[in-house]
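# Chains, contacts and geometry: an overview
Here is how the chains run, residue by residue.
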Amino acid sequence: MAKSKRDNNEMLKGTLDMMVLRTLMTGDAHGHTIAKVIERTSEDVLEVEQGSLYPALHRLEDRGWVSSYWGASENNRKAKFYRLTAAGKRQLTSEASRWRQMTRAIALVMGEAAGDGGEQ
């Protein structure tokens, strides 16, 4: 069953920055592509809306974790592209480590054996 939009937004608040950084590991991309990659990779469970994505991209740029430049999109329109910086790669490594630690801890609290993902 698909999650409601509200549920997705609540989950994304704490993880969107990490997912954007991870998406940019594969190469430079503009906002629309970043959103579509996250949606497709999550098997359409996560929906990334512009109202969340662009503030996140600006925040990441302000922190020096991504840089941006203007280029032409696939349909030859002017688009702002984002690139992961060296500092962004370090931040992604740190966030991914914390994410793994947190998901393991939550699984333990939920009564799941580490790594099995099943109910007990």
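Read on for an overview of the structure. (Residues numbered from 1 in each chain as written. Predicted model: local features only at pLDDT ≥ 70, side-chain atom pairs only at ≥ 80, totals over all residues. Heavy atoms only, no water.)

## Observations concerning the sheet that holds strand β1 (residues 29–30)
In space, the 3 strands of this open sheet follow the order β1-β3-β2, with antiparallel pairing throughout. In the strand order of this sheet, the two ends are held by β1 and β2 (66–72), each with one partner. Bridging between β1 and strand β3 (residues 78–84) involves 2 bridges; their strand directions are antiparallel. Within the sheet, the bridge partner assigned to His30 lies in β3 and is Phe81. (Pairing = 2+ DSSP bridges. Helix = DSSP H or I, 4+ residues; strand = E, 2+ residues; numbered from the N terminus.)

## Some points on the nonpolar core
Residues Leu16, Val20, Leu21, Leu24, Ile34, Ile38 and Leu53 are the most contacted members of the largest nonpolar core, which totals 21 residues. When contributions to this core are tallied by element, the ones reaching two or more residues are α1 (5–24), α2 (31–41), α3 (50–62) and β3. Among the elements that line this core, the one with the most residues is α1, at 6 residues. When sequence neighbours within four positions are dropped, the list of residues in contact with Leu16 reads Ile38, Val48, Ser52, Leu53 and Ala56. (Core = buried A, V, L, I, M, F, W, Y, C linked by side-chain atoms within 4.5 Å. Buried < 20%, exposed > 50% of the residue type's maximum accessible area, 1.4 Å probe, protein only. Contact = heavy atoms within 4.5 Å.)

## Some points on the packing of aromatic side chains
Both the distance between ring centres and the angle between the ring planes are used here to describe each pair of aromatic rings. With the rule as written, the count across this model stands at 1 aromatic pair. One cation-aromatic arrangement involves Lys78 over Trp70; the distance from NZ or CZ to the ring centre is 5.0 Å. (Phe/Tyr/Trp six-rings, centres within 6.5 Å; stacked < 30°, edge-to-face > 60°. Lys NZ or Arg CZ within 6 Å of the ring centre and 35° of its normal.)

## Some remarks on the side chain of Asp17
Mapped onto the fold, Asp17 is located in helix α1. Taking relative accessible area as the criterion, Asp17 reaches 13% and is therefore assigned buried. Polar side-chain contacts of Asp17 include one of 2.7 Å to the side chain of Arg59. (Polar contact = N/O pair within 3.5 Å; in protein donor to acceptor, adjacent residues only side chain to side chain.)

## Re the side chain of His30
Counting through the fold element by element, His30 comes out in strand β1. The class for His30 is buried, based on a relative accessible area of 8%. In this structure His30 touches Ser73, Glu74, Ala79, Lys80 and Phe81, once residues within four positions along its chain are discounted.

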